[in-house]
Amino acid sequence: MIEAQGLTKRYGGKTAVSDLTFDVRPGIVTGFLGPNGAGKSTTMRMIVGLDTPSAGTVTVNGKPYAEHRAPLREVGALLEARSIHTGRSARNHLLALAATTGIPVRRVDEVLELVGLAEVAGKRVRGFSLGMGQRLGIASALLGDPHTLVLDEPVNGLDPEGILWIRTLLRSLAAEGRTVFVSSHLMSEMALTAEQVIIIGKGRLLADVDVSEVITGSSRNVVKVRTPKAAELRELLARPAVTIASSAADRLEVTGLSSDEIGTAALEHGIPVFELTPVLASLEEAFMELTRDSVEFGITAPAMESVESAGGQR
Amino acid sequence: MTAVQEMSDSGPAYTRASTGSGEVTQWRTIRAEWVKFRTLWSSVLVMVIAVLGMIGVGLVASYFINADWGHLRARQIARFNPVVTSLDGYNMAQLAIGTLGVLLVTGEYSTGLIRATMAAVPARLPVLWAKLTVYTGITFVLMMVSSFVAFLGGQVLLGSHSTTLDAPGVLRVVVATGVYLTLVGMLGVAFGALIRNTAGGIAALFGVLLVLPAIMEVLPSTWQDVIAKYLPSNAGQAALSVTLDPAMLAPWVGMAVFAVYVVIGMVAAAVLLKRRDV
Ligand SMILES: Nc1ncnc2c1ncn2[C@@H]1O[C@H](COP(=O)(O)OP(=O)(O)OP(=O)(O)O)[C@@H](O)[C@H]1O
Ligand SMILES: [Mg+2]
C-alpha cells in the first residue's frame, strides 16, 4: 500500500508535482500515466525517499520509506534512468546491493535466472543492450522479494517478448497480493496490464480510476448502427447530448447513447436494425481526452498554448 | 529453494523467497562497499598505479643518484636527502589516491548507481561512512607498506649514500608519508561527496592541495609566514621532511591540522548528503 497525501515537489521555481493525493492498493497493478514531464518519475523518487517532498507526505505500508529497517524487502524500485555502474558485471552489481541488506548469494542467481540474464551475468553492463539493462534493473527491484514494486517505465526498450513477459510478471506479483505501481506513457500497454490508473498532468492529479471505467466513460465511445430507415432513426434519437454521424445512407454512428438504448428505441418504433455495434474508445483516446489540456511538451496546438502559458508564469 | 510463508502488513499471505531479514546495518553497508571496490576494474587499476608510483619513482631516483653521484653538482648534493629521494613517489601516489577517492563517490553519481545505493540505504550516512572505512583501510595498509618498501628498497640502491630507520626523524617521515596519503584519499572522498561531479571534484581537491600553496607565493611574505603553514597540504607535509623547517608547523601538529581539514570536509559532505536530493 502506497499512500500519498498532498505530495508536492518544487525545483527552484518550477513545480514538478503539485498536491497529489492517491492510494496505490495491494492486489492489483496500478498504472501511473501522464505525458512527458508530468511528474511521474519525480513522484516515484519521492516514494523511495531519494527526493524530499516540498510539502505533503508519502508512505509505504504505513511508514515513510526511509523508516523501514529492511527497505529492499519492503519496496523494489526501478527508476527511470539506469541506476547501474556500467563498469561492473550484472552479477557483481546485484551482489553489492544484496550485501547491503544481507540477501544471500543464492537469491542473486535466482533473480538473474528470472529475468533471463543468467548467461550474461558475468559480463560488464557497459556492453548491455537497452533491454538487457532494463532487465537488470528489474532484477534489482525483485532482489529483496518486496511487498511493493515501484517501476518507472519498465517496458522501455523491451522487445515484444519482453513486454509480454513483464506484463505477466506484474500481474502475477499483484495476484499474490503485492502492491504494483507502474508508470508509463503507453496507454495501450496500461490497458492490458493495469486495473487501476492514476493519471497526472503538469504534476496535478487528473484521474484515479478503474481502467474499465475510463473507457466506458469516454465521450469517444460510438455505437455503429446499420438500418434501412436511417433518417427515421436519426430523428428519433436526436437530443442535445447526442451526436449522430453518418458515413453511408444506411449507417449511423451514435455518440452519447448506449447500444441498449438505441436498440430499445428502434424496437418501440418498429425500425429494423441489422447491425448494432458498440465501439469502445481505446484507453489511448480516453487518456488523450483527459490530458488534452495538460500536455507539457506536446505538438498539438492546444498543447503549445499551454507550454507558452507555463513559460509565462515563471 | 527455501521459502517462508509470511503475512504482509497490507495484503494476503504469499510465499516469499528466503532473502534473510533484509535489515540494513553499518557492517553490511561496509561489506557492500568492499564488494563495489574490488569488482570495479578501474578502482583496482588506480590503486595499482598508486602502489607502483609510490615504490617505483623512489627506486628509480635512488638508483640514478647513486650511479651519477660523481657528476652531481654541489647544490644537488647539499639538497640530497636519502629519505626524501626514496619516498619521491609520494607525489604521484597522492594524485592517484586523491583521484580514486573522488571517483569512488562521483562514479556513482555519473552512472546513476547512487539512486540504487541510496534506495537500499535510505539513511544515506552509512554509505558515506562505509566508503570512508573501506577506502581508508585499503589506502592506509597499501600506502604504509609501499612507503616502507620504497624506503628500504631505495636505501639498498643508494648504496653508500643511504641511511637507516634508526637515524633521527627517518621512521617518522616514512610513517607520516603513509598517513598523509591516507588523509589525501579521505579528503578525496569528501570532495567527491560534496561536489558529486568527477571533473569538479578532482579539480577542487588538487586546487586545494597543489594550487593553493602556489598561489600563496605571490602574496607578501609577511602574510605567507602566517597563512602558508596552515594550508592543508603544507600542514600535512610538515611531517614529510627529516630536517625541520621553522616556517612549517611541528610534524605531528601539522598532520593533526590536515586531519582537521579532512574532518571538516567529511562533516560538510555528511550534512549535504542528508539534506540534498539524491
Ligand atoms: N532534479 C530536477 N531538477 C529540476 N527540475 C526537475 C528535476 N527533476 C524533474 N524536474 C522537472 O520536473 C518535471 C517533471 O519531471 P518528471 O521527470 O517527473 O516527469 P515524467 O512524468 O517522469 O516525464 P517522462 O514521461 O518524460 O519521464 C519536469 O518539468 C522536469 O523538468
Ligand atoms: Mg519519467
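Thresholds applied
- Residues numbered from 1 in each chain as written.
- Chains lettered and ligands numbered in written order.
- Predicted model: local features only at pLDDT ≥ 70, side-chain atom pairs only at ≥ 80, totals over all residues.
- Heavy atoms only, no water.
- Helix = DSSP H or I, 4+ residues; strand = E, 2+ residues; numbered from the N terminus.
- Buried < 20%, exposed > 50% of the residue type's maximum accessible area, 1.4 Å probe, protein only.
- Contact = heavy atoms within 4.5 Å.
- Lys, Arg positive; Asp, Glu negative; His and termini not counted.
- Charge placed at Lys NZ, Arg CZ, Asp CG, Glu CD.
- Axes fitted to C-alpha atoms, helices over the stretch in contact; angles between N-to-C directions.
- Parallel < 35°, antiparallel > 145°, perpendicular 65-115°, else oblique.
- Left-handed = near helix turned anticlockwise from the far one by under 90°.
- Nonpolar A, V, L, I, M, F, W, Y, C, P; charged D, E, K, R; others polar.
- Buried area = accessible area lost by both parts, 1.4 Å probe.
- Polar contact = N/O pair within 3.5 Å; in protein donor to acceptor, adjacent residues only side chain to side chain.
- Phe/Tyr/Trp six-rings, centres within 6.5 Å; stacked < 30°, edge-to-face > 60°.
- Lys NZ or Arg CZ within 6 Å of the ring centre and 35° of its normal.
- pLDDT = per-residue confidence, 0-100.
- Domains from an automatic or database assignment.
- Pairing = 2+ DSSP bridges.
- UniProt positions renumbered as here; feature names shortened; annotations may be inferred.
- 1 Å grid on protein atoms, 1.4 Å probe; cavity = no way out; pocket = protein on both sides within 12 Å on 5 of 7 lines; lining within 4 Å.
- Points joined across faces, edges and corners; volume = space filled by probe spheres on them.

Draft legend 1. Spatial organisation of the overall build of chain B. When its secondary structure is counted, chain B shows 12 helices and 2 strands. Each helix (α) and strand (β) of chain B, taken in turn from the N terminus, gives the series β-β-α-α-α-α-α-α-α-α-α-α-α-α. If one aligns the C-alpha atoms of chain B with their principal axes, the spans along those axes are about 85 × 45 × 30 Å. For chain B, buried positions account for 50% of its 278 residues. By sequence separation, contacts in chain B at least 24 residues apart represent 75% of the contacts at least 6 residues apart. If the 17 positive side-chain charges of chain B are averaged to one point and the 12 negative ones to another, these points end up 5 Å apart.

Draft legend 2. Examining the packing of helix H5 (residues 90-111) of chain B against helix H7 (residues 125-158) of chain B more closely. Residue and element names in this part refer to chain B. The interhelical angle for the contact between H5 and H7, taken along N-to-C directions, is 160°, at an axis separation of 12 Å. Taken together, the axes of H5 and H7 lie roughly antiparallel to each other. Here the hand of the crossing between H5 and H7 comes out right-handed. Counted together, Ala93, Ala96, Ile97, Leu100, Gly101, Leu104, Val105 and Glu108 of H5 and Lys131, Tyr135, Thr139 and Met143 of H7 form the full contact between these two elements. When grouped by side-chain class, the residues that make up the contact of H5 with H7 number 8 nonpolar, 2 polar and 2 charged.

Draft legend 3. Just the interface of chain B and chain A, in detail. The interface is formed by 44 residues belonging to chain B together with 47 residues belonging to chain A. Both sides of the chain B and chain A interface together cover about 3,900 Å² of buried area, and 54% of this is carbon and sulfur. Along the contact surface separating chain B from chain A lie 12 residue pairs in polar contact (both at pLDDT 80 or more). Elements with a minimum of two residues in the side of chain B that touches chain A: strand S2 (14-17), helix H1 (26-38), H5 and helix H6 (113-120) of chain B. Residue contributions to the side of chain B that touches chain A peak at 7 residues, all from H1(B). Residues of the side of chain B that touches chain A, tallied by class, amount to 18 nonpolar, 16 polar and 10 charged.

Draft legend 4. The packing of aromatic side chains, seen in detail. Residues and elements named next belong to chain A. As enumerated under the stated definition, the model contains 8 aromatic pairs over all chains in all. Ring centres of Phe22 and Phe32 lie 6.0 Å apart, and the angle between their planes is 45°; on these two criteria the pair is classed as tilted. You can see Phe22 sitting in strand S2 (residues 14-24) and its partner Phe32 sitting in strand S3 (residues 29-33), a full 10 residues away along the chain. An aromatic cluster is built from Phe22, Phe32 and Phe181, whose rings are joined through pairwise contacts. The side chain of Arg135 reaches across the aromatic face of Trp165, ending 5.1 Å from its centre.

Draft legend 5. Representation of the confidence of the model for chain A within the structure. Considering every residue of chain A, the mean pLDDT works out to 87; 91% of them sit at 70 or more. Predicted confidence for residues 297-314 of chain A stays below pLDDT 50, and this span has 12 contacts to residues more than four positions away or in other chains.

Draft legend 6. Looking closely at the domain arrangement of chain A. You can read the domains of chain A as domain 1 (2-216) and domain 2 (222-279). Relative to domain 2 of chain A, the C-alpha centre of domain 1 of chain A lies at a distance of 45 Å.

Draft legend 7. Focus on the sheet that holds strand S5 (residues 75-78) of chain A. All names here are of chain A. Here 6 strands make up an open sheet; going across it, the order is S5-S6-S7-S3-S8-S9 and the pairing mixed. Both outer strands of the open sheet, S5 and strand S9 (204-210), are each paired with one neighbouring strand and no more. Averaged over all adjacent pairs, the angle separating strand axes in this sheet is 15°, with direction ignored. The sheet contact formed by S3 and strand S7 (residues 179-184) spans 5 bridges and is parallel. Each residue of the ladder has a partner; that of Val29, found in S7, is Val180. Sheet strands touched by helix H1 (residues 40-47): S3, strand S6 (148-152), S7 and strand S8 (196-201). Its angle to S7, the strand with the most contacts, is close to 150°. Across the sheet, helix H5 (residues 130-142) lies against S5 and S6, angled at about 165° from S5, the strand it touches most.

Draft legend 8. Region of the structure containing the UniProt feature "transmembrane region" (unreviewed entry) in chain B. Residue and element names in this part refer to chain B. Mapped onto this numbering, the UniProt entry gives "transmembrane region" (unreviewed entry) at residues 40-65, 92-111, 132-153, 173-195, 202-223 and 249-273. With 96% helix and 0% strand, residues 40-65 has end C-alpha atoms that lie 38 Å from one another. Helix makes up 100% of residues 132-153 and strand 0%, whereas the separation of the span's terminal C-alpha atoms amounts to 30 Å.

Draft legend 9. Representation of the sheet that holds strand S11 (residues 243-248) of chain A within the structure. Residue and element names in this part refer to chain A. Reading across the sheet, the 4 strands line up as S11-S12-S10-S13 and stay open at both edges, with antiparallel pairing between neighbours. The outermost strands of the open sheet, each flanked by one partner alone, are S11 and strand S13 (275-279). Sheet twist, expressed as the average angle between the axes of neighbouring strands with direction ignored, equals 20°. The pairing of strand S10 (residues 222-226) with strand S12 (residues 251-255) spans 5 bridges and is antiparallel. Of the residues in S12, the one forming a bridge with Arg226 is Arg251.

Draft legend 10. View of empty space enclosed by the protein. Overall, the coordinates contain 5 cavities of 30 Å³ or more when judged by the stated rule. As a volume, the largest cavity reaches approximately 240 Å³. Lining the largest cavity we find 23 residues, and of these Ala77(A), Leu78(A), Ser83(A), Ser140(A) and Ala116(B) sit closest to its centre. Of all the secondary structure elements, the ones that give two or more residues to the lining of the largest cavity are S5, helix H3 (90-100) and H5 of chain A together with H6 of chain B. The biggest single contributor to the lining of the largest cavity is H5(A), with 5 residues. Its residues placed into classes, the lining of the largest cavity shows 12 nonpolar, 7 polar and 4 charged. Reported here for the second largest cavity is a volume of approximately 60 Å³. Residue lining of the second largest cavity: Val105(B), Tyr109(B), Ile114(B), Met118(B), Val127(B), Leu128(B), Lys131(B), Ala193(B) and Leu273(B), and that is the complete set. Listed by contribution, the elements that provide at least two residues to the lining of the second largest cavity are H5, H6 and H7 of chain B. Of the residues that constitute the lining of the second largest cavity, the class distribution is 8 nonpolar, no polar and 1 charged.

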